[in-house]
Amino acid sequence: MDIQKLDIGVLIIGAGPAGAGVSFFLSKFKIPHIVIEREVFPRDKVCGDACSGKTTSVLNKANPEWMEEVYRNRTQYLPSWGVKFAAPNGNSLSIPFNPKRTKTTKAPGFIAPRLMFDNFLFEKMESPYCTIYQGAQVKSIYTAPDKVTVHVLHEGVDYMIAADILVGADGDKSIVRKKFIVENEVSKTSAVGLRAYYEGVTGMSRENYIELHFLPEILPGYLWIFPMGNGMANVGVGMLSEVVRKRKLNLRDEMMYALKNNPQIGPRFEDAKLIDKVYGWGLPLAAKKKKPISGDNFLLVGDAACLVDPFTGEGIGNALFSGMKAAEAIRRGIERSDFSRLFFKDAYDKEVYSALADELKASMWLQKICKYPWMVNMLINKANKSHSLQETIIGMFTDVDMRQQLTKPSFYIKALLNK
Ligand SMILES: Cc1cc2nc3c(=O)[nH]c(=O)nc-3n(C[C@H](O)[C@H](O)[C@H](O)COP(=O)(O)OP(=O)(O)OC[C@H]3O[C@@H](n4cnc5c(N)ncnc54)[C@H](O)[C@@H]3O)c2cc1C
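Reading the values: the criteria
- Residues numbered from 1 in each chain as written.
- Predicted model: local features only at pLDDT ≥ 70, side-chain atom pairs only at ≥ 80, totals over all residues.
- Heavy atoms only, no water.
- Helix = DSSP H or I, 4+ residues; strand = E, 2+ residues; numbered from the N terminus.
- Contact = heavy atoms within 4.5 Å.
- Polar contact = N/O pair within 3.5 Å; in protein donor to acceptor, adjacent residues only side chain to side chain.
- Pairing = 2+ DSSP bridges.
- Axes fitted to C-alpha atoms, helices over the stretch in contact; angles between N-to-C directions.
- Near = heavy atom within 4 Å.
- Areas by Shrake-Rupley, 256 points an atom, 1.4 Å probe, with all protein chains shown as cover.
- Phe/Tyr/Trp six-rings, centres within 6.5 Å; stacked < 30°, edge-to-face > 60°.
- Buried < 20%, exposed > 50% of the residue type's maximum accessible area, 1.4 Å probe, protein only.
- Domains from an automatic or database assignment.
- Buried area = accessible area lost by both parts, 1.4 Å probe.
- Salt bridge = Lys/Arg side-chain N within 4 Å of Asp/Glu carboxyl O.
- Arc of directions from axis to C-beta.

A. Molecular detail of the environment of Arg-195. In this structure, Arg-195 sits in strand E12 (residues 191-199). Separated by 146 residues in the primary sequence, Arg-195 and Asp-49 place their C-alpha atoms 9.5 Å from one another. Not counting chain neighbours up to four residues away, the residues in contact with Arg-195 comprise Asp-44, Lys-45, Val-46, Cys-47, Asn-234, Val-235, Gly-236, Lys-277, Val-278 and Tyr-279. A distance of 3.0 Å separates a polar atom in the side chain of Arg-195 from a polar atom in the side chain of Asp-44.

B. Region of interest: the sheet that holds strand E13 (residues 210-213). An order of E6-E5-E13-E14-E15-E12-E16 is seen for the seven strands of this open sheet, with the pairing classed as mixed. Of all the strands in the sheet, the pair left with one neighbour each is strand E6 (92-96) and strand E16 (273-283). Between one strand axis and the next, the sheet turns by 15° as a mean value, whatever way the strands run. Judged from the nine bridges that link them, E12 and strand E15 (residues 232-240) form a sheet pairing that is antiparallel. Bridge pairing links Ala-191 to Leu-240 in E15.

C. Up close: the site of the ligand. Near the ligand lie 38 residues; those nearest to it are Glu-37, Gly-48, Ala-50, Arg-114 and Asp-303. Between the ligand and Ala-18, the relevant distance is 2.9 Å, taken from an oxygen atom to a main-chain nitrogen or oxygen of the residue. Within the side chain of Asp-303, one N or O atom sits 2.6 Å away from an oxygen atom of the ligand. Protein contact buries 95% of the 1,000 Å² of open area that the ligand shows by itself.

D. The arrangement of the packing of aromatic side chains in detail. One pass over the full model with this rule turns up 16 aromatic pairs. Taking 6.0 Å as the distance between ring centres and 75° as the angle between the ring planes, the aromatic pair formed by Tyr-77 and Phe-110 counts as edge-to-face. Here Tyr-77, found in the loop between helix H3 (64-72) and strand E4 (78-80), pairs with Phe-110, found in strand E7 (residues 109-111); they are 33 residues apart in sequence, far enough to count as distant. Classification of Tyr-77 as buried rests on a relative accessible area of 5%. A residue is classified by how much of its surface remains accessible, and Phe-110, at 5% relative accessible area, is buried. Judged by centre distance (5.2 Å) and plane angle (90°), the ring pair of Tyr-198 and Phe-269 falls under edge-to-face. Linking Tyr-198 in strand E12 with Phe-269 in the loop between helix H7 (251-261) and E16, this pair joins segments that are 71 residues apart in sequence.

E. Examining unusual backbone geometry more closely. Residue Pro-42 is reached from Phe-41 by a cis peptide bond, and omega for that bond is 0°. Within the secondary structure, Pro-42 is located in the loop between strand E2 (33-37) and strand E3 (50-51). Positioned with a positive phi, Asn-208 is a non-glycine residue whose angle comes to about 60°. By secondary structure assignment, the location of Asn-208 is in the loop between E12 and E13.

F. Examining the domain arrangement of the protein more closely. We note that the domain assignment places domain 1 (3-46 + 115-187 + 287-363), domain 2 (64-107 + 188-283) and domain 3 (371-416) within the protein. For domain 1 and domain 2, the distance between their C-alpha centroids amounts to 29 Å. In this complex, domain 1 contributes 16 residues to the contact, which on the side of domain 2 involves 16 residues. When the two sides are added together, the surface that domain 1 and domain 2 hide from each other amounts to roughly 1,600 Å², 62% of it contributed by carbon and sulfur. On the surface where domain 1 and domain 2 come into contact, there are two salt bridges. Its salt-bridge partner being Arg-195, residue Asp-44 comes within 3.0 Å of it at the nearest N-O pair. If you look at where domain 1 meets domain 2, you find three residue pairs in polar contact (both at pLDDT 80 or more). Ranked by the residues each element gives to the side of domain 1 that touches domain 2, the list is headed by helix H4 (residues 114-124), at four residues.

G. Here's a closer look at H3. Every buried residue belonging to H3 is among Trp-66, Met-67 and Val-70, and all of these are buried. Buried residues of H3 fall within an arc of 95° about the axis and therefore sit on the same side. Away from the buried face of H3 by more than 90 degrees, exposed residues Pro-64, Glu-65 and Arg-72 are located. At the N-terminal boundary of H3, the capping side chain belongs to Asn-63, with an oxygen 3.0 Å from the backbone nitrogen of Glu-65.

Written out as C-alpha cells, the structure reads:
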C-alpha cells in the first residue's frame, strides 16, 4: 500500500467554528498548518443558530471586514437586539441587549443557519498557510515522543501526517479527547438538544429578540424560539442528559406537546409548518471541575474541550475564542520549542479558564435555579417591576461583573425583597 508521509507543525482535526478559529489566527501568525475535516462543506450542524457578542469580538480580531460582510447579508444573518424570557407561570420579560444604542450601533448578536455560517467561516480559512483535506477519514492517532502521527484516508490515498502539535477541534464526540483524556469520555454535566426549523410561527418580536421559554413542561430545560432571516424560526429544546435518562423522557414528544398545548406557545404554532426533520445532538457543557484541555503535543478547543455555556447552551463564541487562545499558545510554544503539558497548561488551559471563569460560574448558578420554577417566576415577576433588576439582567449579557452578582445569594434575597 502506497502511503504518503507528511510532516507539519500543527495539525487540526475538525473545521467547525473551533477549528476555524485556530486556523484564522495561525494564518495571521504565518504558521503553516493542515486541517482534516470529515464532512464536505457546506455542512449542517444542529444548533440554535444564535451568535453572541463573543463570536463578533473574535471575528473582529481575526479580520474586521468579515463582520461587515455578515451585517450586509441580511437574508442569511438576522441581527438580534434583545432577549425575551418567559417564566413557567407564563409571565415574560423582554430586555434589550443594548438599551443605549444609537442609529449606528450594530446589533450585539445575530442568528444565522449554521449551514451558511460555518461555510462562511470555512471559506475564510483559505490562506497560504492552511491546507485543508475535507471528506477525510481519521483512521488512527499514534503518539511518539515529541510527535503525534495521524493516519488519514483522503480520496483513496493514505496519509501519515506527523505533527508537533495536534489540535482536537472535532466537536462533541471528539476522538482526540477520547485518545488523550479518557476520563472526559462521558461527562455527567452534558446536555442534549433538539432543533427544528419552522415557518409561519406568529408573535415574533419586531426587533428579532431571541426567546427563552422556561415552560413547566420542559423544566429544568428550556425551549427556545429564535427568529431567522427568511421568515423561519429555529425552535428547540435543551435539557441535561441525566434528567432525560432519569425521567426516561422522549425529548421530541415533550417538545411537540409543549408546542401544541402550552397556553402561551400553542396558539403561535397553530398555522406553523415544520420544515425538515427534528434533529438531536449533544451539548458538552462546561463543568464546575476544570478538566485539562491540553497535554504533551495536543490541545482541545470548542466542544472537544467541553466549553458550552451551561445556562445558555452557547458554544460557538467559546469555540472561536478557545481557537484563538490555542493559536496564541501554539505561537508561544513554537517560539520556545516547547509543546509540553506543563507549558500548555499555563499558556492555554489557564488562559481559557481564567477568561471564562466568571461567566461560567454565573451560568452554573442560573442552571441550578431552573430546577426551581418558583424562583424563575419570582425573578421574572420582580424584574418586570424593578428597573434596577432589569439593568442587572441586561448587564448579564454585556458585563461580566454584573454576571458575577448572580453567583451571590444576596442577589436573590434582594430580588425577593424587591430592593
Ligand atoms: C441543539 C443545540 C443547540 C445549540 N444552540 C446554540 C446556539 O444557539 N448558539 C451557540 O453559540 N451554540 C449553540 N450550540 C452549541 C454549538 O453548536 C457548539 O458549541 C459549536 O458547534 C461548537 O463548535 P466546534 O467547532 O467545537 O464543534 P462542531 O461545530 O461540532 O465542529 C466540529 C467539526 O469537526 C468535524 N469532525 C468531527 N469528528 C471528526 C473526525 N473524526 N475527523 C475529522 N473531522 C471531524 C465535524 O464534521 C465538524 O465539522 C447548540 C448545540 C446544540 C446541540
